[in-house]
Amino acid sequence: MAVYKRNYSAYTGTVTPVATRVLVLARYAFEEAWSSKITVGLFIFCLLPCLVSLVAIYLADNPIARALVGGRGQEMLAIDARFFLKVLQTQAWLALVMASWIAPRLITLDLADNALPILLSHPISRFGYVFGKFIALFTSLSLITWIPCLLLFVYQSYSSPQPWAASNLQIAVGLLAGSVIWIAFLSVLGLALSSWVKWRAVATGVIFAAVFVPAGVGAIVSAVLRTKWGLLLNVPVMMSNLWQRLLGAPEPINGRLSVPTLGIAVMLLLACLVCVGMLSKRIRAREVVRG
Amino acid sequence: MGVIDLDGVEVRLANRTVLSGLTGELNGQAIGLLGPNGAGKSTLINTLLGFHLPSKGKARVFGLDTHKDRAQIRGSIGYMPENDSFIGNMSGVRFVRYMAELSGLPSGVALERAHEALFYVGLGEVRYRKVNTYSLGMKQLVKLAQALAHGPKLLILDEPTNGLDPVARQRMIQLIKDIRKEGSIRLLISSHLLRDIDETCDEVLILKNGRIASLCNIEEERRSNRSFMELETVGATERFSVSIRGLGCECATYPGGRIKLVIPDNIEARDLYVIASEQGVQIRRMNQRRDSLEDIFLRAMDNDQGRTANGSL
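Since the structure is predicted, the reported quantities are computational estimates derived from the model, not experimental observations.

Novice: Any chance you could break down the overall build of chain A for me, citing the residues and the numbers?
Specialist: Broken down by element type, chain A carries eleven helices and zero strands. Along chain A, from the amino end to the carboxyl end, the secondary structure elements read α-α-α-α-α-α-α-α-α-α-α. Along the first, second and third principal axes, the C-alpha set of chain A runs to 80 × 55 × 30 Å. Taken over 291 residues, chain A has a buried fraction of 40%. For chain A, long-range pairs separated by at least 24 residues make up 76% of all intrachain contacts whose partners lie at least 6 apart in sequence.

Novice: Lay out the overall build of chain B with the relevant residues and their values.
Specialist: Scanning chain B from terminus to terminus reveals twelve helices and 14 strands. Projected onto the principal axes, the alpha-carbon positions of chain B cover approximately 75 × 50 × 30 Å. A total of 313 residues make up chain B; the buried ones form 45% of that total. In chain B, the proportion of contacts linking residues at least 24 apart, taken out of those at least 6 apart, comes to 67%.

Novice: How would you explain the sheet that holds strand β4 (residues 56-61) of chain B if you had to name every residue and give the values?
Specialist: Each strand in a sheet pairs with its neighbour through backbone hydrogen bonds, running either in the same direction (parallel) or in the opposite one (antiparallel). All names here are of chain B. Strand order in the open sheet formed by four strands is β2-β1-β4-β5, with antiparallel pairing between adjacent strands. Looking at which strands have only one partner, the edges of the open sheet turn out to be β2 (16-26) and β5 (64-65). Bridge analysis of β4 against β5 gives two bridges, and the strand direction is antiparallel. When the sheet's bridge partners are listed, V61 is paired in β5 with L64.

Novice: So what about the sheet that holds strand β7 (residues 154-158) of chain B? Which residues, and what values?
Specialist: Residues and elements named next belong to chain B. If you walk across this open sheet you meet the six strands as β6-β7-β8-β3-β9-β10, and the pairing is mixed. Every other strand in the sheet has two partners, leaving β6 (77-80) and β10 (211-217) as the edge strands with one partner each. Mean inter-strand twist for the sheet, computed between neighbouring axes without regard to direction, equals 15°. Sitting on the sheet, helix α6 (residues 166-182) touches β3 (30-34), β7 and β8 (186-191), and the angle it makes with β8 is about 150°.

Novice: Give me the interface of chain B and chain A: which residues, what numbers.
Specialist: With 41 residues of chain B at the contact, the number on the chain A side is 30 residues. Elements represented by at least two residues in the side of chain B that touches chain A include exactly α1 (41-48), α2 (70-75), α3 (92-102), α4 (107-121), α5 (136-148) and α6 of chain B. Looking at the side of chain B that touches chain A, its residues break down into 18 nonpolar, 14 polar and nine charged.

Novice: Summarise helix α6 (residues 126-142) of chain A; cite the residues concerned and give the values.
Specialist: Residues and elements named next belong to chain A. Taking 1.5 Å of rise per residue, the 17 residues of α6 would be expected to cover 24 Å, and the 24 Å separating its terminal C-alpha atoms lies within 8% of that figure. Along α6, the positions that sit buried rather than exposed are G128, Y129, V130, G132, K133, F134, A136, L137, S140 and L141. The secondary structure elements touched by the buried residues of α6 are α1 (21-34), α4 (81-112), α5 (116-119), α8 (169-196) and α11 (261-286).

Novice: An account of the domain arrangement of chain B is needed here, citing residue identities and associated values.
Specialist: Domain annotation for chain B reports domain 1 (4-222) and domain 2 (226-290). Once you take the C-alpha centre of each, domain 1 of chain B and domain 2 of chain B turn out to be 45 Å apart.

Novice: Report on the environment of L47(A), specifying residues and quantitative values.
Specialist: Residue and element names in this part refer to chain A. Within the secondary structure, L47 is located in helix α2 (residues 37-60). Given 16 C-beta atoms within 10 Å, L47 falls into the partly exposed group. Between the C-alpha atom of L47 and that of I147, which follows or precedes it by 100 residues, the distance is 11 Å. Beyond its immediate sequence surroundings of up to four residues, L47 is in contact with I144 and P148.

Novice: Run through the pairing of β4(B), naming residues and quoting values.
Specialist: All names here are of chain B. Where strand β1 (residues 4-13) and β4 come together, five bridges link them in antiparallel fashion. Residue pairing for β4: D7 is matched across the bridge by K58. Linkage of β4 to β5, two consecutive antiparallel strands, is achieved through a turn of two residues, within which F62 is found at a positive phi near 50°.

Novice: Could you give an account of the nonpolar core, with specific residues and numbers?
Specialist: Among soluble globular proteins, nonpolar side chains are generally buried collectively. The biggest cluster of nonpolar side chains holds 156 residues, and the ones touching the most others in it are F84(A), A95(A), A99(A), L191(A), V96(B) and A145(B). If one sorts the elements of this core by residue count, α4(A) sits on top with 17 residues. Grouped together as the second largest cluster of nonpolar side chains are nine residues, L261(B), I263(B), L272(B) and V281(B) included.

About the thresholds
- Residues numbered from 1 in each chain as written.
- Chains lettered and ligands numbered in written order.
- Predicted model: local features only at pLDDT ≥ 70, side-chain atom pairs only at ≥ 80, totals over all residues.
- Helix = DSSP H or I, 4+ residues; strand = E, 2+ residues; numbered from the N terminus.
- Buried ≥ 20, exposed ≤ 12 C-beta atoms within 10 Å, placed from the backbone.
- Contact = placed C-beta atoms within 7 Å.
- Pairing = 2+ DSSP bridges.
- Axes fitted to C-alpha atoms, helices over the stretch in contact; angles between N-to-C directions.
- Nonpolar A, V, L, I, M, F, W, Y, C, P; charged D, E, K, R; others polar.
- Expected span 1.5 Å × (residues − 1).
- Domains from an automatic or database assignment.
- Core = buried A, V, L, I, M, F, W, Y, C linked by C-beta atoms within 7 Å.

Below, the structure written as structure tokens:
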């Protein structure tokens, strides 16, 4: 085949390994997600709290600044697990905003144009397709969660006058694990819900609703049955508990908002399994042209 | 080893048998897949692509099992689905490149081949436009381009002329003929339009109610079938018809000098003209035709017993 000849010729060159085709999907999905100026704007907005935290770390490690703010300010400028918990919580909820914007772009467009029969007629499985999209979303969310959080940790380790990193390694591990669990959950949830909603704007709303509506239901369950197990439907509370424990931050004074870690793990796992089931059902239904 | 081997393939979807007992070896350069709506054409294509697991029997493409080796098969197949299937907010060239990369072409090569494929199918000038701004004919062509870009060994075209106007249809048919002529690609063309298959294929598989109604080489089938002729004559029609019966033709006469003939292979139109001249009969109109694909198709449809009774295999 040649442009100027306009004839057909077979391809006789090398082909890439089948296992790497998922990365092709991921790359195109990533490019699709970031082709929007809104995504770039959101990304910059999501990094603003990190910038504030960076300044806070700088001030906390600056003797002149510490001297200026005095006694109560010293407490405010303490860089410890509680500080990083706040950073992580802020970034995590911003990640929800980002996921609800990006996830529908990755799946809804393919479904709206009925692209699955053509995509899956290539050497890529249903799992490969979803995994490629997952990688793109996970990578995008990583850019605003664990990567800046760990960079802040590294900066604190570097700028702290006392040896700080070794004694606070749990914070780094907690930041990484807490972020990864959250964004993996968000990615699966975002993709699953997007696959069932035709319109992007609606899909964005549905993702938010899926996180916050069960919390309301859980509160009703807790109030009616006078139990705390309704909190297992409350994603914000569950995740706060989990992040707290992972970072080694102090427990909240109000013990009524505490949920066992095992319960949190089981609920997250169940939610992910439901999402995978939804994705599988939807994609299986759309992978072929019925006729 | 055939291009496609079917060995008692049965496919059940939602507790309904969609394909049943398909057995045969398809070897043609261009294989037509014919059948009325709901005959199982698309299901057979999806089975060959590995989307459906046969509940009985085996299907093979180039000797590879359609289920176990589906990744390998999909790598060597170009598939153009029947319905709209594309990524609308991508430009034509990006879409084709994406599909070529998924088939295993390195990124740079995929881009090069995407440009070439788009020029080849006639979309070179609009390759930077988003696919959702294309007309229906362009969308069909971009689907063909993506199916071709990675240089498949088998090109599966599901209703390639669906929704095309006559000019676009002719263009698509010409492209298919060119691809066939090039020789490196085998074609499997599914259609319910006999004319499309007639113009492009050398072998045809006719499905009816999920079974094979006929599997035949079109050219051989045509050769083995009889040639019909209709004449409109002026003059001594009866005497003329007696004379041509003497040549070995089966003949029926109708009022107004019309004669219908079934002529043996060794008789040509010239022989009829010679007799007509000798007897002073004028032949005002002569219409000769061999068995068309339509005849083959209609015979297959009439045969409720399917392939076994059809006897073409």
